[in-house]
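# Chain and residue survey
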Amino acid sequence: MTYAITQTCCSDATCIAVCPVNCIHPTPDEPDFGRTEMLHIDPASCIDCGACADACPVDAIFPVEDLTGPQKVYGPLNAAYYEGREPAPADTGPNFHAWGEPVFERSLPSDFAPVRVAVVGTGPAGMYAAEDLLLHTSAEVTLIDRLPVAGGLIRYGVAPDHPSTKKVQDAFGRFHTHPRVRMHLGLDVGTDLTHEELLAHHDAVVYAVGASADRRLSVPGEDLPGSLSARTFVAWYNAHPEVPADAVDLSAERVVVVGNGNVALDAARILLSDPDTLAGSDIAGHALDALRASPVREVVVLGRRGPGEAACTRPELLALRHLPGVDLVVDDHDPRTGAAIDAAGPADKASVLRGALRETVDWSAPPPKRRRIVFRFHSAPLAALGEDRVRTVRVTDGTGSPEGTGIPAGLLLRAVGYRGLPVAGLPFDEESGTVPHEGGRVPGMPGTYVVGWIKRGPSGGIGANRTCAAETVTALLDDAVAGRLPAPGYGAKAFTRLARSRNRRLVDARGLAGIDRAELALGRRAGRPRVKLATVPELVAAARSRRGPLSG
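As the structure is a computational prediction, the values presented were derived from the model and not from experiment. (Residues numbered from 1 in each chain as written. Predicted model: local features only at pLDDT ≥ 70, side-chain atom pairs only at ≥ 80, totals over all residues. Heavy atoms only, no water.)

### Looking at the environment of Ala-230
Put simply, the rule reads: Each helix is a run of DSSP H or I of at least 4 residues and each strand a run of E of at least 2, with the numbering of both proceeding from the N terminus. By the convention used here, residues are in contact when the closest approach between their heavy atoms is within 4.5 Å.
Secondary-structure assignment places Ala-230 in helix H9 (residues 230-237). A sequence separation of 205 residues divides Ala-230 from His-25, and the C-alpha atoms of the two residues are 32 Å apart. Every residue in contact with Ala-230, bar those within four places of it in the chain, is listed here: Val-263, Arg-414 and Ala-415.

### Focus on the packing of helix H18 (residues 509-526) against helix H19 (residues 536-544)
Put simply, the rule is: Only C-alpha atoms enter the line fits that serve as axes; for helices the fit covers just the stretch in contact. Angles between N-to-C directions range over 0 to 180 degrees. Oblique is the label for any angle not under 35 degrees, not over 145, and not in the 65 to 115 range, which are roughly parallel, roughly antiparallel and roughly perpendicular in turn. The classification used treats Ala, Val, Leu, Ile, Met, Phe, Trp, Tyr, Cys and Pro as nonpolar, Asp, Glu, Lys and Arg as charged, and all other residues, Gly among them, as polar.
Packing of H18 against H19 leaves a shortest axis separation of 7 Å and a crossing angle of 105 degrees. Overall, the two elements H18 and H19 adopt an arrangement that is roughly perpendicular. For the pair H18 and H19, the contacting residues are Gly-511, Gly-514, Ile-515, Ala-518 and Glu-519 in the first and Leu-539, Ala-542 and Ala-543 in the second. Its residues assigned to classes, the contact of H18 with H19 comprises 5 nonpolar, 2 polar and 1 charged.

### Looking at the environment of Leu-426
Mapped onto the elements, Leu-426 comes out in the loop between strand E20 (418-419) and strand E21 (448-450). Sequence spacing of Leu-426 and Val-442 is 16 residues, and the spatial spacing of their C-alpha atoms is 8.1 Å.

### Quick look at the sheet that holds strand E16 (residues 381-385)
Convention followed: By this definition, two strands are paired if DSSP reports at least two bridges between them.
Taking strand neighbours across the sheet as the criterion, the 3 strands line up as E16-E17-E18 in an open arrangement whose pairing is antiparallel. For this open sheet the edge positions go to E16 and strand E18 (405-408), each flanked by a neighbour on one side alone. Strand-to-strand twist across the sheet, computed as the mean angle between neighbouring axes with direction ignored, equals 25 degrees. The pairing of strand E17 (residues 392-395) with E18 spans 4 bridges and is antiparallel. Bridged to Arg-394 within E18 is Gly-406.

### Quick notes on the pairing of strand E6 (residues 140-145)
Strand residues, when the strand is regular, have side chains that alternate between the two faces of the sheet. The condition that has to hold: Exposure classes here rest on a 1.4 Å probe applied to the protein chains alone. A residue is buried below 20% of its type maximum, exposed above 50%, and partly exposed in between. The handedness of a crossover follows from its direction of travel: if, with the strands pointing away from the viewer, the path from the first strand over the helix to the second runs clockwise, the crossover is right-handed.
Burial of E6 is extensive: 5 of the 6 residues sit out of reach of the surface. Where strand E5 (residues 116-120) meets E6, 5 bridges bridge the pair, whose relative direction is parallel. The partner of Ala-118 across the bridge, within E6, is Thr-142. Handedness of the E5-helix H4 (residues 124-136)-E6 crossover: right-handed.

### Section: the sheet that holds strand E8 (residues 204-207)
If you trace the 5 strands from one edge of the open sheet to the other, you get E7-E6-E5-E8-E21, paired in parallel fashion. Unpaired on one side and paired on the other, strand E7 (181-185) and E21 mark the two borders of the sheet. Adjacent strand axes in the sheet meet at a mean angle of 20 degrees, parallel and antiparallel pairs treated alike. Along the sheet, H4 makes contact with E5, E6 and E7, crossing E6 at roughly 170 degrees.

### Comments concerning the packing of aromatic side chains
Going by this rule: In summary, the pairing rule links any two rings of Phe, Tyr or Trp, Trp by its six-membered ring, whose centres are within 6.5 Å, and it sorts them by plane angle into stacked for under 30 degrees, edge-to-face for over 60 and tilted for everything else.
The tally for this structure, following the rule as stated, stands at 6 aromatic pairs. On the numbers, 5.1 Å between centres and 85 degrees between planes, the contact of Tyr-81 with Tyr-82 is edge-to-face. By relative accessible area, which is 15% here, Tyr-82 ends up buried. A ring pair is formed by Tyr-418 and Trp-453, whose centres lie 5.9 Å apart and whose planes are at 65 degrees; its orientation type is edge-to-face. Linking Tyr-418 in strand E20 with Trp-453 in helix H15 (residues 453-456), this pair joins segments that are 35 residues apart in sequence.

### Comments concerning unusual backbone geometry
Residue Pro-26 is bonded to the preceding His-25 through a cis peptide linkage, with omega at -5 degrees. Positionally, Pro-26 belongs in the loop between strand E2 (24-25) and strand E3 (40-41). A positive phi angle, close to 50 degrees, is found at Asp-59, a residue other than glycine. Relative to the elements of secondary structure, Asp-59 occurs in the loop between helix H2 (51-55) and strand E4 (61-63). Of note, Ser-218 is a non-glycine position whose phi angle comes to about 60 degrees, a positive value. Topologically, Ser-218 is positioned in the loop between strand E9 (213-214) and strand E10 (227-229). Ser-218 gets classed as exposed once you look at its relative accessible area, which sits at 67%.

### Quick look at the side chain of His-40
What counts is decided by this rule: Pairing of N or O atoms within 3.5 Å defines a polar contact, subject to two protein rules: one partner must be a possible hydrogen donor and the other a possible acceptor, and residues neighboring in sequence count only if both atoms are side-chain atoms.
Its place among the elements puts His-40 in strand E3. Polar side-chain contacts of His-40 include one of 3.3 Å to the backbone oxygen of Met-38.

### Thoughts on helix H12 (residues 285-293)
Where H12 is concerned, the buried positions are His-286, Ala-287, Leu-288 and Leu-291. Looking at the buried side of H12, the elements it contacts are H9, helix H10 (262-272) and helix H11 (275-278).

### A short note on the pattern of salt bridges
Proximity of charged atoms lets side chains of opposite charge pair with each other. Going by this rule: In what follows, salt bridge is the name for a side-chain nitrogen of Lys or Arg lying within 4 Å of a carboxyl oxygen of Asp or Glu.
For the coordinates displayed, the defined rule picks out 35 salt bridges. Of the charged contacts, one joins Glu-222 and Arg-216 as a salt bridge, the two residues approaching to 3.5 Å between their closest N and O atoms. We classify Glu-222 as buried; its relative accessible area is 3%. In this structure, the salt-bridge partner of Asp-331 is Arg-376, at a minimum N-O distance of 2.7 Å. Of the two residues, Asp-331 is situated in strand E13 (residues 327-331) and Arg-376 in strand E15 (residues 372-376); the sequence distance between them amounts to 45 residues. Residue Asp-331 is classed as buried on the basis of its relative accessible area of 0%. What you see here is one network of salt bridges that share partners, running through Asp-214, Arg-216, Glu-222, Asp-223, Arg-231 and Arg-414.

### A look at the nonpolar core
Filter applied, for reference: For the purposes of this section, nonpolar cores are sets of buried Ala, Val, Leu, Ile, Met, Phe, Trp, Tyr and Cys residues that join through side-chain atoms within 4.5 Å.
In terms of nonpolar packing, the biggest core is built from 127 residues, with Ile-24, Ile-41, Tyr-237, Val-299, Ile-373, Phe-375 and Leu-413 touching the most fellow members. With near-sequence residues (within four places) excluded, Val-299 lies in contact with Val-255, Val-257, Ala-268, Leu-271, Leu-272, Arg-372, Ile-373 and Val-374. Within the second largest apolar cluster, 21 residues are counted, among which are Ile-144, Val-435, Met-445 and Val-450.

### A word on the environment of Ala-469
Along the chain, Ala-469 falls in helix H16 (residues 464-481). Owing to a relative accessible area of 1%, Ala-469 belongs among the buried residues under this scheme. Considered as a pair, Ala-469 and Val-234 are 235 residues apart in the sequence and their alpha carbons are 25 Å apart. If we skip the residues at most four places from it in the chain, Ala-469 touches Ala-125, Tyr-128, Ala-129, Asp-132 and Val-451.

Printed below as a string of structure tokens:
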């Protein structure tokens, strides 16, 4: 029996570190690492030890013989990755495989003094940086987030019907109550205090603030009511406290999503999923109510290029094939689309759509009664039309006509990418939406570092932040050893006093545990796994409830 990695792979390489036979690839030191959509287990080398499955933070690894339903395809997919590849040289020694020379990328002197580091942002990038510091040094870490609850992208960016992916937060959660961690949630650097004040109380500051804006379409009508960024839609169904419950109007039968990346597919899937199934997730209560009442039956996913260039990953596209009660349709308006699907090889992304229905959609007709996702490739938005709100989305038709094709729709979701925002006190590159850096160091600002999307742009999934954080932490430690970090003028207790004086609604680790208890209790009463608190006052009130043990 061999194991296989499935859809929820986060590529953080934890499984690679524990594999005794080096059968999981690509590894972090191989060129393909970070370029493939997921990691793969070689069935010819796997010895069925299960170490990878035990270590996986997102429950993505299972024995092939245990895979059922939509997951069964991942056995052949893992094996297909190794077809045609040269096998590794045979090892004649007593070990399972040949190990390379040991590499020590860091070397800390025995008298290395603990550093005090502030990490701004509690999403995956920030928590991987904190984890690295806490596990490999004696650093003291201050965790800061502008929201009164931790989690960042895990809590507010992962689709609720991907609960396994959210389990990585459990791994991060063990550091929230670490004895060398102080937590200040609800503290906004740039509003409540300055970067200079933060650095005056720490040896170094690591910014892990992500990419919280969205790219625009730059077409007429983009700002009409009924035109939203997919970022807003995702935040809405994930109960983000900065997006009100009435931010999304689902009163139309047809929705157009511009873009075909994973976020676009998440939006399409949530819009058409059975609400009773979603009730078994932590989707926002207001979103669940809206979806139950929604007449949406058709989601049109627009892609500027062909099916072979779709921005989504193959696993996310595969998942749509098994969405109960939802048909997949490819709009056959452009002959290049069908030709690309027919010519696709088994490992090509376009081959996933080979079984989808193909038709030249009549957009003048209302959507059919049965729910469906329509992929329209080689088509870009030209304008959103309507007087009081979006009523029609005009798109290119492949002929070069300036008039294009009008698709009646009451909601337009822009899913064409995220973008970073300037960080108060730091330089900013407007073109890339990132903070300029050198290996994570912010030039000309000793003690200041970046990690995650604000460092490298909005690319890469959860696991990509692990290697990104390792690079930044290595730079920080090199600077500490070389004496390049500015000495803080104040201690940790002084910073706690400063933070509390600037914002009296701060949440600490005990308060975070109170939020968790409250949400789980609400879930039990509603017959759901969790009901998220959706406003800042609710979150703060729950944090101040001191009932029950810290680990409750």
